[in-house]
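Each chain is listed here by its residues.
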Amino acid sequence: MEESIFSKIIARKIPAKIAYEDDRYIAIHDINPQAPVHVLIITKKPIATLNDLKAADAELVGGMFLAAAKLMKQLGQGEYRAVFNCGPSAGQSVFHLHLHVLAGRNFGWPPG
């Protein structure tokens, strides 16, 4: 997989506002937030898209949601939206698996 902005953040080659980190994930505040709270939970394992997941990655992806819940609790947010984008037409611009977690405003459906 080609080096992405997220792999550079993980390697500390470029700065980011880190909200959470453990051995499997790093969470950063989005530089273009779509809500008052907008963090990205990023896998440290380089996986380009949801379509590139293997069965062995199931626990890793499930853990992203647990990390999101833990982080939102720390940020005082009990209600939030968690979204994966898969591919350019779905809004994915960085091809390194990440979960958008947004809170602090009302969300409608469909998103807009």
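Our structure is the block above this text.
Just so it is clear, the model here is predicted, and its values are computed rather than measured.

Conventions adopted
- Residues numbered from 1 in each chain as written.
- Predicted model: local features only at pLDDT ≥ 70, side-chain atom pairs only at ≥ 80, totals over all residues.
- Heavy atoms only, no water.
- Helix = DSSP H or I, 4+ residues; strand = E, 2+ residues; numbered from the N terminus.
- Rg over C-alpha atoms; globule rule 2.2 N^0.38 Å.
- Buried < 20%, exposed > 50% of the residue type's maximum accessible area, 1.4 Å probe, protein only.
- Contact = heavy atoms within 4.5 Å.
- Areas by Shrake-Rupley, 256 points an atom, 1.4 Å probe, with all protein chains shown as cover.
- Lys, Arg positive; Asp, Glu negative; His and termini not counted.
- Charge placed at Lys NZ, Arg CZ, Asp CG, Glu CD.
- Salt bridge = Lys/Arg side-chain N within 4 Å of Asp/Glu carboxyl O.

1. Comments concerning the overall build of the protein
If you tally the helices and strands in the protein, you get two helices and five strands. When the helices and strands of the protein are placed in sequence order, the string is α-β-β-β-α-β-β. A globule of 112 residues ought to have a C-alpha radius of gyration of about 13 Å, and the protein, at 13 Å, matches this closely. A buried classification covers 38% of the 112 residues belonging to the protein. A fraction of 54% describes how many contacts in the protein between residues 6 or more apart in sequence connect residues 24 or more apart. Per element, the accessible surface of the protein, about 6,700 Å² overall, is 54% carbon and sulfur. Positive and negative charge centroids in the protein, built from 12 and 10 side chains respectively, lie 4 Å apart.

2. Let's talk about the pattern of salt bridges
Side chains that carry opposite charge are capable of pairing whenever their charged atoms lie near each other. Tallied over the full model, the rule gives five salt bridges. Ionic pairing is found between R24 and E59, a salt bridge with its closest N-O pair at 4.0 Å. Highlighted residues: R24 in the loop between β1 (18-21) and β2 (25-29) and E59 in helix α2 (residues 58-74), separated in sequence by 35 residues. In this structure R24 comes out as partly exposed when scored by relative accessible area, which is 31%. A cluster of three or more residues bridged by salt bridges with shared partners is formed by R12, E21 and K44.

3. With respect to the environment of A90
Mapped onto the secondary structure, A90 falls in the loop between β4 (80-83) and β5 (98-103). The exposure class of A90 is partly exposed, given its relative accessible area of 41%. Residues A90 and L53, 37 residues apart in the sequence, show an inter-C-alpha distance of 17 Å.

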